[in-house]
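Remarks on the overall topology
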Amino acid sequence: MHWISVLSTGVTLIFAAAVLNRYRRKGGRHLLWWGMGLAWYGLGTFTEVVLGWTFNPWMLKLWYLSGAMLTAAWLGQGTVFLLVRRGRWAQGSAWLLLALSLVAAVLVFTAPILPAAADFQPALPVSSQYGEILGRSGGMITLTIVLNLYGTLTLVGGAIYSAYLFWRKQVLLDRMLGNLFIAAGALSPAMGGSLLRAGLGDWLYVSEFIGAVLMYVGFRLAVKSRPAEKTATTTPS
Amino acid sequence: MDTKRSSARFSAPFWLRWLVPVVLVLLILGLLSVVVLLFLP
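Here, residues in each chain are numbered from 1, in the same order as that chain's written sequence. Just so you know, chain letters begin at A and ligand numbers begin at 1, following the order they were written in. This being a predicted model, a pLDDT of at least 70 is required before a residue's local features are given, and a value of 80 or more before pairs of side-chain atoms are given or counted; all residues contribute to the totals for chains, interfaces and linings. Working from all heavy atoms in the structure, the side-chain values ignore hydrogens and water.

Next up on the list: the overall build of chain B. For the purposes of this entry, the term helix denotes a DSSP run of H or I that reaches at least four residues, the term strand denotes a run of E that reaches at least two, and both are numbered from the N terminus. Of regular secondary structure, chain B possesses one helix and zero strands. Summary of the burial criterion: residues with accessible area below 20% of their type's maximum are buried, those above 50% are exposed, and those between are partly exposed, where the area comes from a 1.4 Å probe applied to protein chains only. For chain B, the proportion of its 41 residues judged to be buried stands at 39%. For the accessible areas, the method is Shrake-Rupley and the probe is 1.4 Å, while residue cover comes only from the protein chains on display. Accessible area of chain B: about 2700 Å², with a carbon and sulfur share of 77%.

Here you go:
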C-alpha cells in the first residue's frame, strides 16, 4: 500500500517545484500559496511513507497537521488570491489563515499521544489508525473541519467557477479543461478524507495519488503556452 | 484570469458540448457531498 504514498510524494513535489518555479518567473501570490499548499501536500504523503516504515509520534502529528488541516486551506487560499479582485479581502483572509494555521500547529503538537500507539502497525495505513493514537480536542476537530471547508469550497468551487466562465464564453479550451481537472483532483483527497471519517481509511492513499495526478495534469493544461499568450493582457491561471 | 482574448475562442464539438455540463454538475454534486460529509459526526 505504501508505494502509493511514495508515488504521491514524487508527483506532488514535482508539481510544487513547477508551481514555485512559475512564481519565481512570473510572480503572483496565487502561485506562491498553491506552491506552499502543495509542499504541505507532499509533506503529508512523505510522513505516510515514514509511518509505513516505523512509528514516530512527531511524524504522526506532522501528518495530521499537513494533510488533514493545512493542505486544502492553503491551496484554496491560492485560488482566493487568483479570483478575488479586492486585494484587501484576499490579504485579510491570508492573514487569518496564517493565524489559524499557527493555532492548528500548537493544538496538534501539544495533543497527547495515547497508549494505543504501542499497537501501531506500520503495514496498515496511518489513516485507519490515527484516531485511536492521537488525542484530538474538540477545538482541534472543529478547526480541522473549518480549514477543510474553507479549502474545499475555495479550491474546488473556484476551479468549477473558472471552468464555467470559460465554457460560457467559449474561450481558452485548455484552461477550461485544466480547471475541470483541478476541480476533480482537489475533490479526490477531499472525498478520501470524508471516506476516512466514514471509517474507510484505506482509500485515502489512493485518493491522494489520484488527486495529485489530476491537479498536475490540470495545471499543465491551464498554463500551456499558445501563440496568443504573447499578447495576453491579464493574469494567467 | 483572462476570458477576453477573442483569438483563443473555440467551438466545442458535439461530444464536448454535452460532456462539460455533465462534468460540471457532477463536480458540484461531489463538492456538496464533501461539504455535507464534513459535518457528519
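Here the narrative resumes.
With that settled, the discussion passes to the confidence of the model for chain B. Residue and element names in this part refer to chain B. A residue's pLDDT is simply how confident the predictor is in it, with values from 0 to 100. Confidence along chain B averages 80 in pLDDT terms, with 80% of residues attaining 70 or more. Taken as a whole, residues 1-6 scores under 50 in pLDDT and shows 23 contacts with residues more than four places along the chain or in a different chain. Here the predicted complex carries an ipTM of 0.81, next to a pTM of 0.89. Note on contacts: a residue pair is in contact if any heavy atoms of the two residues lie within 4.5 Å.

Attention now moves to a nonpolar patch on the surface. A patch consists of residues whose relative accessible area exceeds 30% and which take part in no salt bridge; residues with like charges are grouped when within 9 Å of each other, and nonpolar side chains (Val, Leu, Ile, Met, Phe, Trp, Tyr) when within 5 Å. One side-chain nitrogen of Lys or Arg within 4 Å of one carboxyl oxygen of Asp or Glu is enough to make a salt bridge. Together, Phe-14, Trp-15, Trp-18, Leu-19, Val-22, Val-25, Leu-26, Ile-28, Leu-29 and Leu-32 of chain B give the surface a local cluster of nonpolar side chains, amounting to about 1000 Å² of exposed area. In this structure Ile-28 of chain B comes out as partly exposed when scored by relative accessible area, which is 40%.

All names here are of chain A. Applying the stated criterion across every chain yields a total of one salt bridge over all chains. The partner of Asp-174 in a salt bridge is Lys-224, and the shortest N-O contact between them spans 4.0 Å. One end of the pair, Asp-174, is in helix 7 (residues 173-197); the other, Lys-224, is in the segment after helix 8 (203-222), with 50 residues separating them in the sequence. A relative accessible area of 42% means that Lys-224 is categorised as partly exposed.

This brings us to the interface of chain A and chain B. Many descriptions give the size of an interface as the accessible area lost when the pieces come together. On the side of chain B, 27 residues touch chain A, which itself brings 39 residues to the contact. Whenever a nitrogen or oxygen atom comes within 3.5 Å of another N or O atom, the pair is scored as a polar contact, on the condition that within protein one atom can donate a hydrogen and the other can accept it, and that pairs from neighbouring residues in sequence are kept only if both atoms are in side chains. Inspection of the region where chain A meets chain B yields two residue pairs in polar contact (both at pLDDT 80 or more). Elements with a contribution of two residues or more to the side of chain A that touches chain B: helix 3 (57-83), helix 6 (138-169) and helix 7 of chain A. Of all the elements, helix 6 of chain A adds the most residues to the side of chain A that touches chain B, at 14 residues. Three classes are used, and their members are as follows: Ala, Val, Leu, Ile, Met, Phe, Trp, Tyr, Cys and Pro are nonpolar, Asp, Glu, Lys and Arg are charged, and the others, Gly among them, are polar. Considering only residue class, the side of chain A that touches chain B consists of 24 nonpolar, nine polar and six charged.

A cavity here means a set of points on a 1 Å grid, drawn over the protein atoms and nothing else, where a 1.4 Å probe fits but cannot get out; a pocket is an open set with protein on both sides within 12 Å along at least five of seven lines, and a residue lines either one if it has an atom within 4 Å of a point. Grid points are joined across faces, edges and corners, and a volume is the space filled by probe spheres set on the points. Within this structure, the stated rule accounts for two cavities of 30 Å³ or more. Here the largest cavity defines a volume of roughly 570 Å³. What lines the largest cavity is a set of 33 residues, among which Gly-67, Ala-68, Asn-148, Pro-189 and Gly-193 of chain A lie closest to the centre. When contributions to the lining of the largest cavity are tallied by element, the ones reaching two or more residues are helix 2 (29-51), helix 3, helix 6, helix 7 and helix 8 of chain A together with helix 1 (14-38) of chain B. Tallying contributions element by element places helix 6 of chain A first for the lining of the largest cavity, with eight residues. When the residues that make up the lining of the largest cavity are grouped by side-chain class, the tally is 19 nonpolar, ten polar and four charged.

A word on the packing of helix 1 (residues 3-26) of chain A against helix 8 of chain A. All names here are of chain A. All axes are obtained by fitting lines to C-alpha atoms, using only the stretch in contact for helices, and the reported angles, taken between N-to-C directions, cover 0 to 180 degrees. Look at helix 1 against helix 8: their axes get within 9 Å of each other, and the N-to-C directions meet at 25 degrees. In terms of their interaxial angle, helix 1 and helix 8 are classed as roughly parallel. For the element pair helix 1 and helix 8, the recorded crossing hand is left-handed. In contact with Ile-4, Ser-5, Leu-7, Ser-8, Val-11, Thr-12, Ile-14, Phe-15, Ala-18, Val-19 and Arg-22 of helix 1, helix 8 contributes Tyr-205, Val-206, Glu-208, Phe-209, Ala-212, Val-213, Met-215, Tyr-216, Phe-219 and Arg-220. Grouping the constituent residues of the contact of helix 1 with helix 8 by class yields 15 nonpolar, three polar and three charged. Angle categories are assigned with fixed cut-offs, so that under 35 degrees is roughly parallel, over 145 is roughly antiparallel, 65 to 115 is roughly perpendicular, and the rest are oblique. Left-handed describes a crossing whose near helix is turned anticlockwise from the far helix through less than a right angle; right-handed describes the clockwise counterpart.

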